[in-house]
Amino acid sequence: MEIVERKENLVLDRVELIFQWNHARESTPSLSQMVEAAAKAEPGADKKLVFVKNVNTRFGMSRTSGLALVYGSVESASIEPNYV
């Protein structure tokens, strides 16, 4: 996983990571793999407070891009819907 852009959102107590994942000769990474990789990319992040959104894999290409939201606390993560 390669972090393309990192933005700190202090108002919502989160870090927003825009990422790209090149997976040549492999299947598209699962959501749990993306959450784990995003938690490793942000020091001190808890996997339970990482939400991955806007995942897109281009047809015919082995590159997946998306947005990972890493929250600082359970209270600030409560704005995310339960189904995400």
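Criteria and thresholds
- Residues numbered from 1 in each chain as written.
- Predicted model: local features only at pLDDT ≥ 70, side-chain atom pairs only at ≥ 80, totals over all residues.
- Heavy atoms only, no water.
- Helix = DSSP H or I, 4+ residues; strand = E, 2+ residues; numbered from the N terminus.
- Core = buried A, V, L, I, M, F, W, Y, C linked by side-chain atoms within 4.5 Å.
- Buried < 20%, exposed > 50% of the residue type's maximum accessible area, 1.4 Å probe, protein only.
- Contact = heavy atoms within 4.5 Å.
- Salt bridge = Lys/Arg side-chain N within 4 Å of Asp/Glu carboxyl O.

## Quick look at unusual backbone geometry
Link 1 in the chain: You will see that D13, though not glycine, has its phi angle at about 55°, which is positive.
Link 2 in the chain: At R25, a residue that is not glycine, the phi angle is positive and equals roughly 60°.
Link 3 in the chain: Residue position: R25 is located in the loop between β2 (14–22) and α1 (31–41).

## Side note on the nonpolar core
Link 1 in the chain: By size, the foremost hydrophobic cluster in this structure holds 13 residues, and its most contacted members are L17, F19, M34, V50, V52, A68 and V70.
Link 2 in the chain: When residues of this core are traced back to their parent elements, those giving at least two are β2, α1, β3 (50–57) and β4 (63–71).
Link 3 in the chain: The element that contributes the greatest number of residues to this core is α1, accounting for five residues.
Link 4 in the chain: With residues up to four places along the chain from it excluded, the contact list for A68 reads V15, E16, L17, F19, A38, F51 and V52.
Link 5 in the chain: Residues L49, L67, L69 and A77 belong to the second largest nonpolar core, which totals six residues.

## Things to note about the pattern of salt bridges
Link 1 in the chain: Considering all chains together, one arrives at six salt bridges under this definition.
Link 2 in the chain: Put simply, R6 and E8 hold a salt bridge, and the shortest N to O gap is 3.1 Å.
Link 3 in the chain: Of the residues examined, R6 reaches a relative accessible area of 43% and is grouped as partly exposed.
Link 4 in the chain: Taking the relative accessible area as the measure of exposure, E8 reaches 49% and is therefore partly exposed.
Link 5 in the chain: As a salt-bridge pair, E42 and R6 come within 2.8 Å of each other at their nearest N and O atoms. Placement of the pair is E42 in the loop between α1 and β3 and R6 in strand β1 (residues 2–9), with a sequence separation of 36 residues.
Link 6 in the chain: Residue E42 is classed as buried on the basis of its relative accessible area, which comes to 10%.
Link 7 in the chain: Salt bridges here are not isolated pairs; linked through shared partners, they connect R14, E16, K53 and E80.

These figures capture arrangement, not role.
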